[in-house]
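A closer look at the structure
The lines below spell out each chain.
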Amino acid sequence: MDPETEQPPPGDDHAFLGHPRGLATLSGLEVWERFSFLGMQAILVLYFADTVANGGLGMNPGTAASVSAAYGTMVYLVSVAGGWLADRILGSYRAVLCGGVLIACGHYAMAVPTAAMTWVGLGLISAGTGLLKPNVASMVGKLYRTDDQRRDAGFALYYMGINIGAFAGPLVTAWLGEHQGWHWGFSAAAVGMTAGLIQYVLGRRHLAGRKHSAEYALAPDAMRRAVWTIAGGPLAVAALATVLASLGWLTLGRLVDLLTLLSVIAPVVYFTVMFRSPRVSAEERGRLRPYVVLFLASVAFNFILFQAYSTMMLLASTNARTTILGFDFPAGWYASALGAFEVALAPVVAALWVRMGPRQPHSSNKIAIGVILGGLSFLLMVVPTSGHAGDGTYEMAAWWIVGSYLLLGLGDVLLETSGMSATTKLAPRAYASQTMALWFLSLALANGIQAQVVKIYGEVSNPVYFGVNGGIAVAAGVAVIALAPWLRRTMHPVH
């Protein structure tokens, strides 16, 4: 074991904007990973819904949105295992590298213009994201010593990189998808992930904790069994799925339903284990109860947020003008507005909390306000979609969707930062290394619910769809505010 690979860089490493050089490597990787992931996500539902003659898969809008949400469910369910694989088998550096390679291979597979390669690509991207996503953030933390005052600012720069990728990705993929063909858009995502991998490998010498062995490696015998299970398990599942599909028992609709069921079962099992674990003290168990409320608030918000890349994309492609000040743009560019707002708003919100100091709202109220803003982003869409004939040929001004994404982006900034912070503070000590798994389960459940609800998109009127879903989210946020006194008391000393 090389001790130099285990220690954070010295405190005098200020090579990247006053931060360790490794932050540039990891932030750059996230820029390109989000570029590829959200760039592909912005056009995925449009590709599903487009006609076969235009290179799409010819799904109806509700099915296209449902399958897109099911893909998101699979990504976040797999992510739960990604942290464990890094801790026990691969180590963080190799887990991120292997994940990036799988993601790139998945995007290259999707660049091949056949339906079969689309499904292969989505499977590879899901597995790769599951390895990469939960481990990059932990590597950022290893760049700083515990008492380093730059840690919070470093994470702010890291998350800004995420949002830069979220902004840039749809600009490129949507333009290529609409003008050259959907698979050209997927190719751009592949090139982006490849660029991220190259700079990650080139910058590896600046990363702390880059040893090849896992931090909590399994014993040799257990390691061999785990490796064989991991290698053989997916192959066995794929073979079984192929057989069931050929017999007509496993349809696309049933697969979506199965993923939704798993997204419900997983957090129930996870919370049950934690509540019953003898390693969890009575005090910690008391703090888990308010966390369940915050977990459900995250589900309510992300149910709305993830539709920015499904139903909102479908609405933009059919009923929104794609011209601003005489400039024509692809419908997928609307997705870039969300990333742009988050890049712009995150430092403003952070500065506001610093200015308010101890007078800033409690974490639970920040989360509640985020949920309410998410609901309002949908309620706003009731106005431009109301009062039109049933033929759906109307066009709304671009500013309606941009305004909806502004509310959604502000809500995301409020909820994600406070929610992640609360997760790390409220999780029992025995499960501290699995806090990311808890958060990813809320995202998986949000996508799982979305996969069922969006099936009625296009079957009911748009004002009803957006109004009911937005109203439920607002009600959930108000409920969290109503519980604020109890949450403050039970979350103490967490603010």
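Preceding this section is the structure that the text describes.
Below or above, wherever it landed, is the structure these notes cover.

What counts and what doesn't
- Residues numbered from 1 in each chain as written.
- Predicted model: local features only at pLDDT ≥ 70, side-chain atom pairs only at ≥ 80, totals over all residues.
- Heavy atoms only, no water.
- Helix = DSSP H or I, 4+ residues; strand = E, 2+ residues; numbered from the N terminus.
- Buried < 20%, exposed > 50% of the residue type's maximum accessible area, 1.4 Å probe, protein only.
- Contact = heavy atoms within 4.5 Å.
- Areas by Shrake-Rupley, 256 points an atom, 1.4 Å probe, with all protein chains shown as cover.
- Core = buried A, V, L, I, M, F, W, Y, C linked by side-chain atoms within 4.5 Å.
- Salt bridge = Lys/Arg side-chain N within 4 Å of Asp/Glu carboxyl O.
- Axes fitted to C-alpha atoms, helices over the stretch in contact; angles between N-to-C directions.
- Left-handed = near helix turned anticlockwise from the far one by under 90°.
- Nonpolar A, V, L, I, M, F, W, Y, C, P; charged D, E, K, R; others polar.
- Parallel < 35°, antiparallel > 145°, perpendicular 65-115°, else oblique.
- Phe/Tyr/Trp six-rings, centres within 6.5 Å; stacked < 30°, edge-to-face > 60°.
- Patch = residues over 30% accessible without salt bridge, like charges linked within 9 Å, V, L, I, M, F, W, Y side chains within 5 Å.
- Polar contact = N/O pair within 3.5 Å; in protein donor to acceptor, adjacent residues only side chain to side chain.

**Considering the overall build of the protein**
For the protein, the count of helices and strands is 17 helices and two strands. For the protein, buried positions account for 52% of its 495 residues. For the protein, the proportion of contacts with a sequence separation of at least 24, taken over those separated by at least 6, is 82%. Accessible surface computed for the protein: about 21,400 Å², of which carbon and sulfur atoms make up 68%.

**A closer look at the nonpolar core**
Core analysis: the biggest nonpolar cluster contains 97 residues, and Met 40, Leu 44, Tyr 334, Ile 401 and Tyr 405 have the highest contact counts within it. Tallying contributions element by element places helix H9 (residues 282-305) first for this core, with 12 residues. Setting aside anything within four residues of it in sequence, one finds Tyr 334 in contact with Met 313, Ala 316, Ala 320, Arg 321, Thr 322, Phe 329, Ala 398, Ile 401, Val 402 and Tyr 405. Val 96, Met 193, Leu 197 and Tyr 200 belong to the second-largest nonpolar core, a separate cluster that totals 20 residues.

**Focus on the pattern of salt bridges**
Tallied over the entire structure, the rule returns four salt bridges. The salt bridge partner of Lys 133 is Glu 30, with a shortest N-O separation of 3.2 Å. One end of the pair, Lys 133, is in helix H4 (residues 115-141); the other, Glu 30, is in helix H1 (residues 21-49), with 103 residues separating them in the sequence. The same class applies to Lys 133 and to Glu 30, which are both buried. Across the pair Glu 283 and Arg 287 runs a salt bridge, and its minimum N-O distance is 3.1 Å. With Glu 283 and Arg 287 both in helix H9 and four residues apart, this pair spans about one turn of that helix. Judged by its relative accessible area of 57%, Glu 283 is exposed. A relative accessible area of 14% places Arg 287 in the buried class.

**Here's the deal with the environment of Pro 267**
Tracing the chain through its elements places Pro 267 in helix H8 (residues 252-276). Its relative accessible area of 4% is what places Pro 267 among the buried residues. As a C-alpha pair, Pro 267 and Leu 438 span 171 residues in sequence and 7.6 Å in three-dimensional space. Beyond its immediate stretch of four places on either side in the chain, Pro 267 contacts Leu 262, Phe 295, Leu 441 and Leu 445.

**A short note on the packing of H1 against helix H2 (residues 61-90)**
Interhelical geometry of H1 versus H2 gives an angle of 145° and a closest axis separation of 8 Å. In this structure, H1 crosses over H2, and the sense of that crossing is right-handed. On H2, the residues touching Phe 37, Met 40, Gln 41, Leu 44, Val 45, Phe 48 and Ala 49 of H1 are Ala 64, Ala 65, Val 67, Ser 68, Tyr 71 and Val 75. Its residues assigned to classes, the contact of H1 with H2 shows 11 nonpolar, two polar and no charged.

**Description of the packing of H1 against helix H6 (residues 182-202)**
Where H1 meets H6, the closest approach of the two axes is 8 Å, and the angle between their N-to-C directions is 170°. Judged by the inter-axis angle, H1 sits roughly antiparallel to H6. Considering the relative orientation of H1 and H6, their crossing is left-handed. When its residues are assigned to classes, the contact of H1 with H6 shows 18 nonpolar, eight polar and one charged.

**Examining the environment of Leu 218**
The topology assignment puts Leu 218 in the loop between H6 and helix H7 (220-246). If sequence neighbours within four positions are ignored, Leu 218 has contacts with Trp 84, Arg 88, Ile 89, Met 223 and Ala 226.

**Brief notes about the packing of aromatic side chains**
In the structure shown here, the tally under the stated rule is 18 aromatic pairs. Ring centres 5.3 Å apart and planes at 85° place the aromatic pair Tyr 47 and Phe 186 in the edge-to-face group. Of this pair, Tyr 47 sits in helix H1 while Phe 186 sits in helix H6, and the two are 139 residues apart along the sequence. Accessibility assignment for this pair places Tyr 47 and Phe 186 in one class, buried. For the ring pair Phe 271 and Tyr 291, a centre distance of 6.1 Å and an interplane angle of 45° mean the geometry is tilted. Remark: Tyr 291 occurs in helix H9 and Phe 271 occurs in helix H8; sequence separation between them is 20 residues. The buried category is assigned to Tyr 291, whose relative accessible area is 3%. Pairwise contacts between aromatic rings join Tyr 47, Phe 48, Trp 119 and Phe 186 into one cluster.

**Looking at the side chain of Gln 450**
Looking at the secondary structure, you find Gln 450 in helix H15 (residues 435-453). Since its relative accessible area comes to 1%, Gln 450 is described here as buried. Look past the residues within four positions of Gln 450 in its chain and what remains in contact with it is Ala 69, Phe 303, Phe 306, Gln 307 and Ser 310.

**Thoughts on a nonpolar patch on the surface**
There is a patch of nonpolar side chains on the surface, built from Trp 119, Leu 252, Leu 255, Leu 258, Leu 261, Leu 262, Ile 265, Val 269 and Val 273 and spanning about 730 Å² of accessible area. Element by element, the count of residues in the nonpolar patch is highest for H8, at eight residues. Tracing the backbone through its elements, the reader meets Leu 255 in helix H8. What makes Leu 255 partly exposed here is its relative accessible area of 35%.

**Quick notes on the side chain of Asn 319**
Its place among the elements puts Asn 319 in helix H10 (residues 311-319). At 3.0 Å, the side chain of Asn 319 forms a polar contact with the backbone oxygen of Tyr 394.

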